[in-house]
Amino acid sequence: MLHNFSDVFKEIRDFGTILNCPERAEDLIAYTQKTLNELKVEFSGKEKKRVYFMWAQGITETSGQNSTVNELFSYAGLINVCDMKDEHLTVSVEKLYDWDPDLIIMWYNEKLNPDDIMKDPLLAGLRAIKKQRVFELPSVFSSDFWTLKMTYPVYFAGSHAYGSFDRQKGDQFLDSLY
């Protein structure tokens with residue numbers, strides 16, 4: 001199981017060895033690390049916003065401290081409100097109110113969108129809902145946390161929290177990998 005970006009980098013190195021292209025693997029890893037560090041600088045120096053991550057299974061499915069989601073948020077200058085250690089866990093709506101996040105980032109979901117979450121009466125009292133700060137990551141392909149495409153969701157989360165999202169800039173990350 002991949003728990004952090006280092007695990008992803010190791011997997012890419014392993015694929016580079018298996019496919020007899022270790023130099024390409026190292027080039028891709030170096031590009032990704034450089035981009036992540038640039039994004040970390042871009043989103044640093046701001047008052048850190050508190051964010052809740054919602055998996056596609058529903059509002060109570062999230063990721064804790066030992067997860068790629070947590071590392072993603074760290075690079076985006078955000079604080080994961082889920083203080084539990086699990087990679088993937090289910091929490092109560094009451095716990096979500098205890099955390100009261102500034103924004104909610106949703107994993108891509110064909111059946112739910114941010115408007116559905118913002119219209120849910122159970123969630124109406126949350127700060128993120130009141131301020132209409134619910135965002136859905138684009139397609140699973142472009143937002144995969146377990147590949148080098150991790151730069152896209154880092155940029156997506158940070159830019160939605162602290163500025164405006166530029167789709168063209170996000171697409172440049174993907175273009176550089178392919």
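This text follows the structure it describes.
It should be emphasised that the depicted structure is a prediction, and the values quoted were computed from it without experimental measurement.

Caption draft 1: The arrangement of the nonpolar core in detail. With 35 residues, the main nonpolar core has Phe53, Phe73, Leu78 and Ile105 as its most contacted residues. Taken together, the elements giving at least two residues each to this core come down to helix H1 (5–18), helix H2 (22–43), strand S1 (49–54), helix H3 (68–75), strand S5 (103–106), helix H7 (151–162) and helix H8 (167–177). Tyr52, Val81, Cys82 and Leu126 belong to the second-largest nonpolar core, a separate cluster that totals 17 residues.

Caption draft 2: Representation of the packing of aromatic side chains within the structure. As enumerated under the stated definition, the model contains five aromatic pairs in all. Geometrically, the ring pair formed by tyrosine 52 and tryptophan 99 is tilted, given 6.2 Å between the ring centres and 35 degrees between the ring planes. Residue tyrosine 52 is found in strand S1, and its partner tryptophan 99 is found in helix H4 (residues 93–99); the two are separated by 47 residues along the sequence. For the pair shown, tyrosine 52 and tryptophan 99 are each scored as buried. Through a chain of ring-to-ring contacts, three or more aromatic side chains come together here, namely Phe53, Trp55, Phe73 and Trp107. A cation sits over an aromatic face here: lysine 40 above tyrosine 75, 5.1 Å from the ring centre.

Caption draft 3: Spotlight on the sheet that holds S5. The four strands lie next to each other as S3-S1-S5-S6, forming an open sheet whose pairing is parallel. Strands with a single pairing partner mark the edges of an open sheet, and in this sheet they are strand S3 (78–80) and strand S6 (134–136). On average, each strand axis in the sheet is inclined to that of its neighbour by 35 degrees, with strand direction left out of account. Alignment of S1 against S3, held across three bridges, turns out to be parallel. Paired with valine 51 across the two strands is asparagine 80, which belongs to S3. Here H3 sits on the sheet in contact with S1, S3 and S5, set at roughly 155 degrees to S3. Contacts between H7 and the sheet are confined to S1, S3, S5 and S6, with S3 contributing the most and set at about 110 degrees to the helix.

Criteria and thresholds
Each chain carries its own residue numbering, running from 1 in the written order of its sequence. The predicted origin of the model limits local features to residues at a pLDDT of at least 70 and limits the giving and counting of side-chain atom pairs to 80 or more, whereas totals for whole chains, interfaces and linings rest on all residues. Side-chain measures here rest on the full set of heavy atoms in the structure, leaving out hydrogens and waters. Buried Ala, Val, Leu, Ile, Met, Phe, Trp, Tyr and Cys residues that are joined via side-chain atoms within 4.5 Å together make up what is termed a nonpolar core. Buried means the residue's accessible area, taken with a 1.4 Å probe over protein chains only, is under 20% of the maximum for its type, while exposed means over 50%, and partly exposed covers the values in between. Secondary structure follows DSSP: runs of H or I at least 4 residues long count as helices, runs of E at least 2 residues long count as strands, and numbering of each begins at the N terminus. Aromatic contacts are taken between Phe, Tyr and Trp rings whose centres are within 6.5 Å, Trp giving its six-membered ring; a plane angle under 30 degrees counts as stacked, one over 60 as edge-to-face, and the others as tilted. Note on criteria: charge over ring means Lys NZ or Arg CZ within 6 Å of the ring centre, with the direction from the centre no more than 35 degrees off the ring normal. At least two DSSP bridges between two strands are needed for those strands to be called paired. Axes here refer to lines fitted to C-alpha atoms; in helices the fit is confined to the stretch in contact. Angles between the N-to-C directions go from 0 to 180 degrees. We call two residues contacting when some pair of their heavy atoms lies within 4.5 Å.

Purely geometric numbers; function is a separate question.
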